[in-house]
Amino acid sequence: MRELMPPELVKLELRGRTKDEVMEELASLVKGAGLLEDLGGYMEALRDREAQGSTWVGMGIAIPHGKCRHVISPFVAFGRSPGGVDWDSLDGEMAHLVFMIGVPEEGAVNEHLKILQVLSRRLVDDAVRRSLLGASSPQEVLGILEG
């Protein structure tokens with residue numbers, strides 16, 4: 001996970017109040033880390049994916065993802081929203097943990113599915129989710145996700 005999510009892609013207090021603001025906030029971290037060629041192009045890929053159906057997965061978690069030519073190398077960015085963000089869940093539950101995945105379009109057929117699978121295995125554990133909600137540093141987040 002550390003290869004996909006360096007500490008600079010972890011934000012413990014998201015400022016965004018809407019899912020679009022949160023996606024842009026995390027994508028800006030990724031752009032700043034040099035993993036995106038074009039922020040606007042990646043945002044378009046995220047919005048297109050959300051238009052197909054919400055990336056809300058339940059348990060207070062959203063996993064927006066996009067594959068496009070603007071992604072330089074695969075990444076996962078993480079943001080935590082103490083107040084929660086409306087992610088179009090059917091039950092009205094808010095997203096507190098947001099994992100953003102990006103993969104290059106070229107050769108990305110299974111890459112994002114592998115990343116989703118790894119994340120899903122960790123996030124079904126209540127203790128992992130509680131630990132992520134209480135983590136005090138990016139390094140702690142990474143340690144929790146690596147198990």
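Residues numbered from 1 in each chain as written. Predicted model: local features only at pLDDT ≥ 70, side-chain atom pairs only at ≥ 80, totals over all residues. Heavy atoms only, no water.

Right, let's talk about the overall build of the protein for a bit. Counting its secondary structure elements, the protein contains five helices and six strands. Walking the protein from its N terminus toward its C terminus, one meets helices and strands in the order β-α-α-β-β-β-β-β-α-α-α. Taken against the 2.2 N^0.38 rule, which gives 15 Å for 147 residues, the C-alpha radius of gyration of the protein at 14 Å falls within 12% of a compact globule. In terms of principal-axis extent, the alpha carbons of the protein reach across some 35 × 30 × 25 Å. A sequence separation of at least 24 residues applies to 67% of the contacts in the protein between residues at least 6 apart. Within the structure as shown, the protein displays about 7200 Å² of accessible surface, and the carbon and sulfur contribution to it stands at 49%. (Helix = DSSP H or I, 4+ residues; strand = E, 2+ residues; numbered from the N terminus. Rg over C-alpha atoms; globule rule 2.2 N^0.38 Å. Contact = heavy atoms within 4.5 Å. Areas by Shrake-Rupley, 256 points an atom, 1.4 Å probe, with all protein chains shown as cover.)

To continue, consider the side chain of S89. Considering the arrangement of structural elements, one finds S89 in the loop between β5 (75-86) and β6 (94-104). Taking the relative accessible area as the measure of exposure, S89 reaches 11% and is therefore buried. Polar side-chain contacts of S89 include one of 2.8 Å to the backbone oxygen of E93. (Buried < 20%, exposed > 50% of the residue type's maximum accessible area, 1.4 Å probe, protein only. Polar contact = N/O pair within 3.5 Å; in protein donor to acceptor, adjacent residues only side chain to side chain.)

Between helix α1 (residues 19-32) and helix α2 (residues 39-52), whose axes approach to 10 Å, the crossing angle comes to 140°. Judged on the interaxial angle alone, α2 and α1 are oblique. Viewed along their axes, α1 and α2 form a crossing whose handedness is right-handed. Contacts between α1 and α2 involve K19, D20, M23, E24, A27, S28 and K31 on the former and, on the latter, L39, Y42, M43, L46, R47 and E50. Among the residues making up the contact of α1 with α2, the classes are represented as six nonpolar, one polar and six charged. (Axes fitted to C-alpha atoms, helices over the stretch in contact; angles between N-to-C directions. Parallel < 35°, antiparallel > 145°, perpendicular 65-115°, else oblique. Left-handed = near helix turned anticlockwise from the far one by under 90°. Nonpolar A, V, L, I, M, F, W, Y, C, P; charged D, E, K, R; others polar.)

What follows covers the environment of E25. Here E25 shows up in helix α1. In contact with E25, other than residues within four places in its own chain, are K11, E13, L14, R15 and G16. A polar atom in the side chain of E25 sits 2.8 Å from the side chain of K11.

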